[in-house]
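Fold and geometry: a report
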Amino acid sequence: MLDNTPRFGMRSVILGGLILLAVGFFIGTHGPSSWPPAAPATETIDFAPLNKAMQLLDDNFVPATTTPKLTNDQKLWGAITGLTNAYGDPYTTFFPPKEKTTFQTQVQGNFEGVGMEIAIRNDVLTVVTPLKGSPAFEAGIKTGDLILKIDGKSTEGLSVEDAVSKIRGPGGTSVTLTLARGDKQPFDVSVVRRTINLPTIDTTLRKDGVFVIQFYSFNALSPELFRNAIREFAQSGSNKMIIDLRGNPGGYLEAAVDVASWFLPVGKTVVSEDFAGKQDAQVHRSRGYDVFTDNLKLVVLIDGGSASASEILAGALHDYGKATLIGDKSFGKGSVQQVFDITDTTSIKITIARWLTPKGTSISHEGIAPD
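From a predicted model like this one, the values you see are computed outputs, not experimental measurements. (Residues numbered from 1 in each chain as written. Predicted model: local features only at pLDDT ≥ 70, side-chain atom pairs only at ≥ 80, totals over all residues. Heavy atoms only, no water.)

**Here we look at the overall build of the protein**
- When its secondary structure is counted, the protein shows 9 helices and 20 strands.
- Going through the 371 residues of the protein one by one, you find that 49% of them count as buried. (Helix = DSSP H or I, 4+ residues; strand = E, 2+ residues; numbered from the N terminus. Buried < 20%, exposed > 50% of the residue type's maximum accessible area, 1.4 Å probe, protein only.)

**Notes on the environment of Arg-194**
- Take Arg-194: it is sitting in strand S11 (residues 194–195).
- Polar side-chain contacts of Arg-194 include one of 2.6 Å to the backbone oxygen of Gly-133. (Polar contact = N/O pair within 3.5 Å; in protein donor to acceptor, adjacent residues only side chain to side chain.)

**Remarks on the packing of helix H7 (residues 253–261) against helix H8 (residues 309–319)**
- Interhelical geometry of H7 versus H8 gives an angle of 25 degrees and a closest axis separation of 9 Å. The orientation of H7 relative to H8 falls into the category roughly parallel. When you trace H7 past H8, the crossing you get is right-handed. Contacts between H7 and H8 involve Leu-253, Ala-256, Val-259 and Ala-260 on the former and, on the latter, Ala-309, Ile-312 and Leu-313. (Axes fitted to C-alpha atoms, helices over the stretch in contact; angles between N-to-C directions. Parallel < 35°, antiparallel > 145°, perpendicular 65-115°, else oblique. Left-handed = near helix turned anticlockwise from the far one by under 90°. Contact = heavy atoms within 4.5 Å.)

**Some thoughts on the pattern of salt bridges**
- Inspection of every chain in the model, using the stated rule, returns 12 salt bridges.
- Note that Asp-202 and Lys-132 form a salt bridge whose closest N and O atoms lie 3.6 Å from each other. In this pair, Asp-202 sits in strand S12 (residues 201–205) while Lys-132 sits in the loop between strand S6 (124–130) and helix H4 (135–138), placing the two residues 70 residues apart along the sequence.
- Classification of Asp-202 as partly exposed rests on a relative accessible area of 35%.
- When its relative accessible area of 45% is taken as the criterion, Lys-132 is described as partly exposed.
- Between Arg-206 and Asp-208 there is a salt bridge; the shortest N-O distance is 2.6 Å.
- Taking the relative accessible area as the measure of exposure, Arg-206 reaches 38% and is therefore partly exposed.
- Via salt bridges that share partners, Glu-254, Asp-258 and Arg-287 belong to a single interconnected network. (Salt bridge = Lys/Arg side-chain N within 4 Å of Asp/Glu carboxyl O.)

**Some words on the nonpolar core**
- Phe-226, Met-241 and Phe-263 are the most contacted members of the largest nonpolar core, which totals 43 residues.
- At the level of elements, strand S13 (211–215), helix H6 (222–236), strand S14 (240–244), H7, strand S15 (269–274), strand S17 (297–302), H8 and strand S20 (347–356) are the ones that each hand at least two residues to this core.
- Listed in part, the 21 residues of the second largest apolar core include Val-114, Ile-147, Leu-179 and Val-189. (Core = buried A, V, L, I, M, F, W, Y, C linked by side-chain atoms within 4.5 Å.)

**Details of the environment of Thr-101**
- Within the fold, Thr-101 resides in helix H3 (residues 97–108).
- For Thr-101 and Thr-345, which are 244 residues apart along the polypeptide, the C-alpha to C-alpha distance reads 8.2 Å.

**Here's the deal with the sheet that holds S12**
- Strand order in the open sheet made by the 5 strands is S12-S13-S14-S17-S18, with mixed pairing throughout. Each edge of the sheet is formed by a strand with only one pairing partner; in this case those strands are S12 and strand S18 (324–327). Strand-to-strand twist across the sheet, computed as the mean angle between neighbouring axes with direction ignored, equals 20 degrees.
- Strand direction decides the pairing type here: S12 and S13, joined by 5 bridges, are antiparallel. Bridge pairing in S13 places Thr-204 opposite Val-212.
- Relative to the sheet, H6 contacts S12, S13 and S14, its axis offset from that of S13 by approximately 170 degrees.
- Contacting S17 and S18, H8 runs over the sheet at an angle of about 145 degrees to S17. (Pairing = 2+ DSSP bridges.)

**Digging into a nonpolar patch on the surface**
- There is a patch of nonpolar side chains on the surface, built from Ile-45, Phe-47, Leu-50 and Met-54 and spanning about 380 Å² of accessible area.
- Examined against the element boundaries, Leu-50 turns out to sit in helix H1 (residues 48–60).
- Accessibility expressed as a relative area gives 37% for Leu-50, which makes it partly exposed. (Patch = residues over 30% accessible without salt bridge, like charges linked within 9 Å, V, L, I, M, F, W, Y side chains within 5 Å. Areas by Shrake-Rupley, 256 points an atom, 1.4 Å probe, with all protein chains shown as cover.)

Purely spatial values, then, with no claim about function.
Structure (C-alpha cells):
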C-alpha cells in the first residue's frame, strides 16, 4: 500500500479471500481506477459470434416459466461475467450494480459476521483461517475446511464475493455451513453472527526466556503496536524472539513493510510487484529501522492460514537470513487486484500483478515453505 492508502486481499480483500465481517486479504487490491488502463489491448477480437448468439437467443428463446424478460443490461452483464470467468482466476470478478454496492460495503467495513477468511483453492471454497475469538473460531471451524454448502445450497461455482454475501449478515442471525475436513464425512456447523473485534498483537515472555509476539492481523494499528512490542522485548533482556504468524490472514502492505523494517537495513527490498512486463516492477523497500544485532535469535511460525502480508513478512525475513521459518507451508495468496469502473454502476476487479519475495519467489505460485 502506498501513501498510506490501503490495498485491499484478501487483502483479499482485495480480495482473493474475504473476512466474513468486513474484508480480508486487504493487501492485494488497489482502489478503483478509470478505464482505460495504461496499456491498450494488442489483440483484436471478432465479436460477430457473440452478436449472432445474442440475436439467436432473442429470436428463439422461450422460458420454461413466466419469469420476467431479461433486460439488455442483464444480458450484457452476463456476457461480461462469462468473459471474466474465462480467465480462470478466482480473484478476477465482474460486479453488476447490486454486487458492486455489496463489494463497496465490504471494503468500507461491516463488522458483523462470522469472522473467518475464505478463498478459492483448487476450485473449492476454502477456509483460510478463523479469527481468534470469532464466532467461526468458537464454532470449531478450522484452517483448510472446505465449504460445500451455505444454508443447504451448494457452493460449486460460487465466487468468493457471492459466498461472502450469503454468509455475512446482521448480528444475532445464524448461518449453517456444510464443511468437509480431511477424511471425515461432511458435517454441518451453525454459526451465529455478531460484531467482530479484530485482534492485532499479543506479547508473552515465556519462562524459558523466549519472547513471543503473536500477530493476528496486519491492520492500521500494527506498526505502533509492534513498536510497543519491540520496546517490551528490549526491556525483557531476552535475545530470543518468536513472531507467530500462524492463522494470520494478512492485512495492509504498509504494515508488513513497516514491521520488516525493524530487521532490515534501509533500502532493502521487502517485496516486489511483478506486472509480467506490462509495466515496470514496483519495489517496496525497508525504511531501515534495523535495530537488532546479530545476537538476535529469531524464529517465525507459519502455517496454511498465514497469507498475504504474513507471507510477505516471512518471505523477506527468510530471504535475508534474519529468521528461521518453522511450521507448515503458507497459504499462497500473492496476487494484486485493481478495481476498474466499467460504468457508473458496475466495475471489474482484475488481477494485475503478483508478489515476489526479495529472492524472486512467487508467493501465489509456491507459498512460503518453512525451514
